[in-house]
Amino acid sequence: MLDCGMHMGFNDDRRFPDFSYITRSGRLTDFLDCVIISHFHLDHCGALPYFSEMVGYDGPIYMTHPTQAICPILLEDYRKIAVDKKGEANFFTSQMIKDCMKKVVAVHLHQTVQVDDELEIKAYYAGHVLGAAMFQIKVGSESVVYTGDYNMTPDRHLGAAWIDRCRPNLLITESTYATTIRDSKRCRERDFLKKVHEAVERGGKVLIPVFALGRAQELCILLETFWERMNLKAPIYFSTGLTEKANHYYKLFITWTNQKIRKTFVQRNMFEFKHIKAFDRAFADNPGPMVVFATPGMLHAGQSLQIFRKWAGNEKNMVIMPGYCVQGTVGHKILSGQRKLEMEGRQVLEVKMQVEYMSFSAHADAKGIMQLVGQVEPEGVLLVHGEAKKMEFLKQKIEQELRVSCYMPANGETVTLPTSPSIPVGISLGLLKREMAQGLLPDAKKPRLLHGTLIMKDSNFRLVSSEQALKELGLAEHQLRFTCRVHLHDPRKEQETALRVYSHLKRWAPRSFWLGLGRSGARGGSHCASRQRPQGPLRAAPSRWVRDCGVHPHPGCCPLRGPRHQGAAGVLDLPG
């Protein structure tokens with residue numbers, strides 16, 4: 001099973017996936033060999049404790065080391081918001097999170113992990129967030145690549161996604177930005193800094209809702225360098241606890257960051273900020289300008305939503321949404337232009353603050369998705385993690401430009417893919433030598449036809465000569481003799497007809513024919529033929545020609561041949 005996330009737009013049973021699609025009866029572990037988690041975002045791992053501890057999966061869970069470290073922090077933070085603050089029931093506990101993480105097997109990049117006798121997995125760098133990975137899943141000669149979320153362009157703290165040209169049967173790719181081609185990253189950064197600076201200069205407060213890891217670090221690095229360059233005094237804050245812990249893990253897993261951060265790490269750690277301080281709830285009411293990074297990123301709960309409610313009524317203030325928002329969240333509503341929001345307790349919140357959207361998303365855009373499909377060279381592509389209309393556009397683009405079959409199934413829909421597995425066959429050296437001795441070496445680029453016996457033993461295939469196969473299998477050789485019957489229709493006397501046939505054969509048939517005929521003997525009342533005259537008469541029945549066979553090896557010379565005459569038969573069968 002690939003990823004085990006939750007829907008951020010729902011607070012009821014629809015929040016978690018419907019696992020009855022896997023099985024309606026019996027243990028889930030009997031139907032799943034393993035679970036693979038691509039990265040720590042809640043839409044990819046949020047249902048994991050529910051799945052393992054409440055639904056009842058107890059098999060292995062694979063993820064990278066940074067994901068293993070950060071996943072439980074985000075899960076616990078979300079549990080606190082859902083249970084302790086909102087009082088929701090039917091939710092996993094802190095102990096369940098710990099028990100779930102005991103089932104995790106951490107993997108390194110490019111490490112091939114043998115899950116069982118047949119199934120193997122391999123992780124590749126995906127960019128996106130710290131520890132994000134794509135996975136190649138192989139069984140025999142067939143394989144699938146699952147991208148999770150990925151980014152094809154490097155940013156200020158992470159590198160670009162990278163994977164081998166592994167030519168899988170199927171590539172399952174995200175399609176969040178299926179129709180978007182982003183402008184230059186430098187232009188986006190300049191616009192972002194300009195808007196923040198303008199809001200601060202007019203005395204306003206700027207709220208930037210982010211998820212704890214990824215965009216938070218990206219934008220913190222950007223504002224830190226800008227504040228230092230411009231010598232600005234307005235305070236910058238980030239949510240306490242979560243982002244603080246996150247920064248600790250960025251320092252710990254520095255090898256997962258980009259080249260620039262790794263090189264300058266000894267002189268200065270980019271994640272130790274001078275201008276950015278920890279946020280306290282009381283600061284939200286302070287007068288004067290400030291910039292606050294608050295979690296979560298879609299304004300669906302937590303500190304970012306609390307601050308938004310306080311600041312929404314002031315026209316001087318600004319909220320900058322730096323990434324994608326799922327339908328149903330407050331973030332999605334205000335980006336759609338809604339200015340009156342119904343909050344909990346049927347309160348209506350009027351939004352007067354400036355709303356800006358700037359895509360600092362760490363997802364691949366349409367160009368990046370096409371680039372990855374071209375790089376991997378799959379037989380088929382399956383689109384997930386996107387909106388239907390946008391996916392339809394990308395599906396057509398992939399099929400037209402890359403000539404690859406593309407699928408976009410709805411939730412609960414099954415897709416069946418035709419595959420043509422390649423089966424390796426070992427060839428015996430003796431057979432190869434014999435084939436080589438028969439003529440010139442073939443063109444290396446052209447396929448060569450080999451005749452032999454195919455032996456399958458312990459799921460391995462070998463092509464050997466028939467003599468070697470008989471010897472290995474302890475079998476005796478059997479010979480099948482093929483004969484051809486010729487019916488003659490001749491008005492002459494039988495003796496005369498027989499003599500004419502005999503003289504004709506004597507003149508044209510090769511020696512091998514006569515030897516074979518001598519060994520075999522004639523059937524149906526006729527006599528044995530050899531180089532000498534037959535001992536006794538050969539009688540021919542006065543019947544018509546059967547024109548689909550003949551006895552002469554040279555079709556151009558034989559006056560008696562039929563239209564499909566090919567060569568001499570082993571036995572001349574003349575019924576009496």
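What comes next is a walk through the structure. Note that the structure is a prediction, hence the values are computed from the model and not measured.

### Observations concerning the side chain of Thr329
Within the fold, Thr329 resides in the loop between β13 (318-321) and α10 (330-335). With sequence-adjacent residues up to four places away left out, Thr329 is seen in contact with Met8, Gly9, Met298 and His300.

### Let's talk about the sheet that holds strand β3 (residues 104-107)
What links the strands of a sheet is backbone hydrogen bonding, and the strands pair in either a parallel or an antiparallel sense. The strand order across the open sheet built from 3 strands is β1-β2-β3, with neighbouring strands paired in parallel fashion. Edge positions in the sheet fall to β1 (35-36) and β3, since each of these pairs with one other strand and no more. Here β1 runs beside strand β2 (residues 61-64); their pairing, made up of 2 bridges, is parallel. Along β2, the bridge assignment pairs Ile36 with Tyr62.

### Quick look at the environment of Leu158
Note that Leu158 resides in the loop between β7 (142-146) and β8 (170-174). Along the primary structure Leu158 and Val129 are separated by 29 residues, whereas in three dimensions their C-alpha atoms are 7.4 Å apart. Residue contacts for Leu158: discarding those within four places in its chain leaves Tyr125, Gly127, His128, Val129, Leu130, Trp256, Thr257 and Asn258.

### Brief notes about the pattern of salt bridges
Tallying each qualifying case throughout the model produces 18 salt bridges. One salt bridge connects Lys390 with Glu387, and the closest N-O pair in it is separated by 3.9 Å. Linking Glu467 and Arg434 is a salt bridge whose minimum nitrogen-to-oxygen distance equals 3.3 Å. With Glu467 in helix α14 (residues 466-473) and Arg434 in helix α13 (residues 429-437), this pair connects stretches of sequence that are 33 residues apart.

### Description of the sheet that holds strand β10 (residues 236-239)
Strand order across the open sheet formed by 6 strands is β11-β10-β12-β9-β13-β16, with parallel pairing between neighbours. Single-partner strands in this sheet number two, and they are β11 (276-279) and β16 (354-357). Across the sheet, the mean angle from the axis of one strand to that of its neighbour is 25°, orientation sign disregarded. Of the strand pairs in this sheet, strand β9 (residues 205-209) and β13 are connected by 2 bridges, and their pairing is parallel.

Rules used throughout
- Residues numbered from 1 in each chain as written.
- Predicted model: local features only at pLDDT ≥ 70, side-chain atom pairs only at ≥ 80, totals over all residues.
- Heavy atoms only, no water.
- Helix = DSSP H or I, 4+ residues; strand = E, 2+ residues; numbered from the N terminus.
- Contact = heavy atoms within 4.5 Å.
- Pairing = 2+ DSSP bridges.
- Salt bridge = Lys/Arg side-chain N within 4 Å of Asp/Glu carboxyl O.
- Axes fitted to C-alpha atoms, helices over the stretch in contact; angles between N-to-C directions.

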